[in-house]
Amino acid sequence: HMHKTKLVDLAGDGRKWFAEVNDQWKGQAMCLEVEEVLFEGKSEFQDVAVFKTSTFGKMMTLDGCIQSTERDEFAYHEMMAHVPMFSHPDPKDICIIGGGDAGVLRELLRHESLKSGTNLSS
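**Overview of the pattern of salt bridges**
Okay, step 1: Using the criterion set out here, one finds eight salt bridges in the structure.
Okay, step 2: When the shortest N-O distance is used, the salt bridge between Glu 33 and Arg 15 registers 3.5 Å. Remark: Arg 15 occurs in the segment before strand 1 (16-21) and Glu 33 occurs in strand 2 (residues 29-42); sequence separation between them is 18 residues.
Okay, step 3: Residue Glu 33 is classed as buried on the basis of its relative accessible area, which comes to 18%.
Okay, step 4: Linking Glu 35 and Lys 52 is a salt bridge whose minimum nitrogen-to-oxygen distance equals 3.5 Å.

What follows is the structure in structure tokens.
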């Protein structure tokens, strides 16, 4: 069963905030101001929500946990792409399995040595 994302008014001024509280990080939470709920639904495996935030752009959550935001997604994709590319002497062909939003592919295409690439995702 899908749970509806609970937005809270932290400051008492009517602004709505998404708060991620997780047992992995005891004693802390990540809160972002939400301008609009763009999507809420359930995949075969988890609850999915997409928000427009005031400072991080669009943000996607899975089961109430932040997965990516427009503001900082590049950090994940750059590490997934450039570290392996720079560790190979002459990369020419790549295959990305589970490439999802194609951010890793975007970063890989910055390498002029590539001749072909395949992005496999469901």
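**Points about the side chain of His 77**
Okay, step 1: Looking at the element boundaries, His 77 is found in helix 1 (residues 73-87).
Okay, step 2: His 77 gets classed as buried once you look at its relative accessible area, which sits at 5%.
Okay, step 3: Side chain to side chain, His 77 and Glu 73 meet in a polar contact 2.5 Å long.
Okay, step 4: Residues in contact with His 77, not counting those within four places in the same chain, are Asp 101, Gly 103, Val 104, Arg 106 and Glu 107.

Criteria and thresholds
- Residues numbered from 1 in each chain as written.
- Predicted model: local features only at pLDDT ≥ 70, side-chain atom pairs only at ≥ 80, totals over all residues.
- Heavy atoms only, no water.
- Salt bridge = Lys/Arg side-chain N within 4 Å of Asp/Glu carboxyl O.
- Helix = DSSP H or I, 4+ residues; strand = E, 2+ residues; numbered from the N terminus.
- Buried < 20%, exposed > 50% of the residue type's maximum accessible area, 1.4 Å probe, protein only.
- Polar contact = N/O pair within 3.5 Å; in protein donor to acceptor, adjacent residues only side chain to side chain.
- Contact = heavy atoms within 4.5 Å.

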